[in-house]
Amino acid sequence: MDFSGVYALLGLLPFDTLEPRFMRQALLGLLFLSPMTAMLGIHVLNFRMAFFSDAGGHSAFAGLAIGLILGAPPQTAVLVFGVVIGLGIMAAQRKSGLSPDAAIGIVFSAVVAFGLAVVSRAPSLARDIQQYLYGDILTVTESELTILALLLVALCLFEFWGWNRLLAVALSPSLARIEGRSAGLWQYLFAAILALVVMFSVRAVGVLLVTAMLVVPASAGRKLAWSMRGLFWWSIAVSVSSSVIGLMLSAQEWMATASGATIILVSCLWFAASCLWAAFKRSRN
Amino acid sequence: MTTNADVRERGVGVRFERLSVRREGRLILDEITASAPCGGATVIVGPNGAGKTTLLRCLLEETEYSGHIEFVSFDGDRATRPVLGYVPQHLFADAQMPLRVYEFLSLNAEKKPLWLGCSPKNRRRSRELLELVGAEKLENQRLGDLSGGELRRVLLASALGRRPRLLALDEAEAGVDYRGERLFWELLDKSRRELGFTLLMVSHNLPLAAHYATHVICVKKEMIAQGAPRSTLTASTLLELFGVPIHLYPNQCENPGPICAGCGALGNLAYSDNIDGDITS
């Protein structure tokens, strides 16, 4: 995909920090990624599966390791393995109907340990590990941007057709079945898209902070919104604004911080503000 | 204009035949043969862990079972699987979720996703459903802010929205006080008579079951008894079910003394001898 037109457009924004091309690329990547994490975060909270995204993110290490063993390109291996793990966790969750915390905890410890063990044998990969731990949106590539754009389109379609269905299943699987809303296919699709988005979020903010990318905007949205409709739009607003402001701040000379961490800090400030707002609203009632 | 008879004929009954459920090698239900007559209110009674909810889950096809489930129309013929309504024990909605009652009621009717809003048609439909259960004030409330009784009503409104021929109710998990419970049963009774459906519900509330049910099914893993409440919920059946003396109908106490030492109810003899005479002697 050719993004040069978009870069030119972003260049028109009155920010000196957007002068270098990699900054414009990073901004575009975040503009694609942040609405997706916000939308998915809502379902993640509804299904009480914040732990899922953590596990998915950590499986990046194992993906890296498997790529190393099979001689596949690490980026691809990480994405594919992430999706496999995501579908596996969803299957376990649907089948047991129980809170899958323990199962996920064990599986993902195994996955992380395996990944670290294999990767530790190859010192050349140490730099990659760093990249996955802390994230680095500034090095996002054109091909990654293309995938992100396609993913955003796919997710929007998914959210249009599947949103009510997923909410119905989250509220009561039995009731959803009776209503003819059994959602197996949609839940697996959700898990696959979530896994892919989690992997890209790992690129942006790192394994350590990936859960925040999903959970914080939706949590702030829950405090700010009056209805589910409001929740959707508030979450996106919080997520996109945090990403843009965070990226810009991190590039200021007086800040010079890691972009991923700065983005999460801004969204956490949003969350704190939303808590104050909710408390203020309660006190007036 | 429908007459009362038409409404009554809308309900579709169920017959469970030699229904058994086994889970991880353990027998949960053992050869249950019971029925919920057309258009009636059938209450499933039994102690905790007796398999009451499992029986409902068989009906909803949520669990594997051996045996048969047949549906019966008003004139006694076999019917196809009817439109089912279901009121679950609870919803997995935490208090923080900003889901409004009208949004919940539109969830399945609305073609567009909720984040694009509810159409005026569905807003109207939600209001009408809430009016059916006397809860129109709750329209704009958050689901998480409702009391146990209010949530029951909203769940019932949602189930009625499907125009069910057979309505299955599981027991409320959250406590509903006695007054709320009584009003809810009254509402169920009224909706059943006005809209015409067969009611099959699980309940622990024996006095209300005795008052409102037209048919009761007593299970404790296996079939204990079924029939009209007065002839089924006898002291001996209840003793078998729950293992403690419970006398719903005082004149059915089998303790021969004038006053039962166990429960304080009037004994069998006292009642039958002095049916309208001096019973304190």
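For clarity, every value in this text was computed on a predicted model and none was experimentally measured.

Rules and cut-offs
Residues numbered from 1 in each chain as written. Chains lettered and ligands numbered in written order. Predicted model: local features only at pLDDT ≥ 70, side-chain atom pairs only at ≥ 80, totals over all residues. Heavy atoms only, no water. 1 Å grid on protein atoms, 1.4 Å probe; cavity = no way out; pocket = protein on both sides within 12 Å on 5 of 7 lines; lining within 4 Å. Points joined across faces, edges and corners; volume = space filled by probe spheres on them. Helix = DSSP H or I, 4+ residues; strand = E, 2+ residues; numbered from the N terminus. Nonpolar A, V, L, I, M, F, W, Y, C, P; charged D, E, K, R; others polar. Contact = heavy atoms within 4.5 Å. Buried area = accessible area lost by both parts, 1.4 Å probe. Salt bridge = Lys/Arg side-chain N within 4 Å of Asp/Glu carboxyl O. Polar contact = N/O pair within 3.5 Å; in protein donor to acceptor, adjacent residues only side chain to side chain. Expected span 1.5 Å × (residues − 1). Buried < 20%, exposed > 50% of the residue type's maximum accessible area, 1.4 Å probe, protein only. pLDDT = per-residue confidence, 0-100.

Any chance you could break down the layout of surface pockets for me, citing the residues and the numbers?
Residues and elements named next belong to chain A. Reported here for the second largest pocket is a volume of approximately 380 Å³. Of all the secondary structure elements, the ones that give two or more residues to the lining of the second largest pocket are α10 (210-224) and α12 (259-284). Ranked by residues supplied to the lining of the second largest pocket, first place goes to α12 with 3 residues. Across the lining of the second largest pocket, the residue classes break down as 4 nonpolar, 4 polar and 7 charged.

So what's going on with the interface of chain A and chain B? Which residues, and what values?
Taken together, the contact between chain A and chain B spans 28 residues of the former and 31 residues of the latter. Between chain A and chain B, roughly 3000 Å² of surface is buried when both sides are summed, and carbon and sulfur atoms account for 59% of that area. Interface area lost by chain A to chain B is led by Leu171, Ile178 and Trp226 of chain A, which between them contribute 23%. Viewed at the interface, chain B and chain A are joined by 2 salt bridges. The closest approach of N and O atoms between Glu179 of chain A and Arg162 of chain B, which form a salt bridge, is 3.3 Å. Taken together, the links from chain A to chain B amount to 18 residue pairs in polar contact (both at pLDDT 80 or more).

Would you mind going over helix α9 (residues 184-205) of chain A in detail, with residue names and values included?
Along an α-helix, residues three or four apart share an orientation, since each turn contains 3.6 residues. All names here are of chain A. When the terminal C-alpha atoms of α9 are compared, their 31 Å separation across 22 residues agrees well with the 32 Å that a helix rising 1.5 Å per residue should span. When you tally the buried positions in α9, you get 18 out of 22 residues, the bulk of the element. Just downstream of α9 lies Gly206, where phi reads positive at about 90°.

Before we move on, can you summarise unusual backbone geometry with the specific residues and values?
One can expect most non-glycine residues to show negative phi and most peptide bonds to be in trans. In the Ramachandran plot, Ala256 of chain A falls in the positive-phi region, its phi being about 50° despite a non-glycine side chain. The phi angle at Arg18 of chain B is positive, at roughly 45°, despite the residue not being glycine. With respect to the secondary-structure elements, Arg18 of chain B resides in strand β1 (residues 13-23).

Explain the confidence of the model for chain B residue by residue, including any values.
Residue and element names in this part refer to chain B. Scored by pLDDT, chain B has a mean of 86; 86% of the residues are at 70 or more. Below pLDDT 50 for its whole length, residues 269-281 participates in 9 contacts with residues either more than four positions away or in separate chains. Scoring the predicted complex yields pTM 0.86 and, for the interface, ipTM 0.87.

How would you sum up empty space enclosed by the protein? Please name residues and give values.
Leftover empty space is mapped by rolling, across the atoms, a probe with the size of a water molecule. Applying the stated criterion across every chain, the model contains 5 cavities of 30 Å³ or more. Taken as a whole, the largest cavity holds about 70 Å³ of empty space. Around the largest cavity sit Ala168, Leu171, Ser172, Leu175, Ala176 and Glu179 of chain A together with Leu91, Phe104, Leu107, Asn108 and Ser158 of chain B, which together line it. Mapped onto the lining of the largest cavity, the elements with two or more residues apiece are α7 (142-171) and α8 (173-178) of chain A. For the lining of the largest cavity, the per-class residue count stands at 7 nonpolar, 3 polar and 1 charged.

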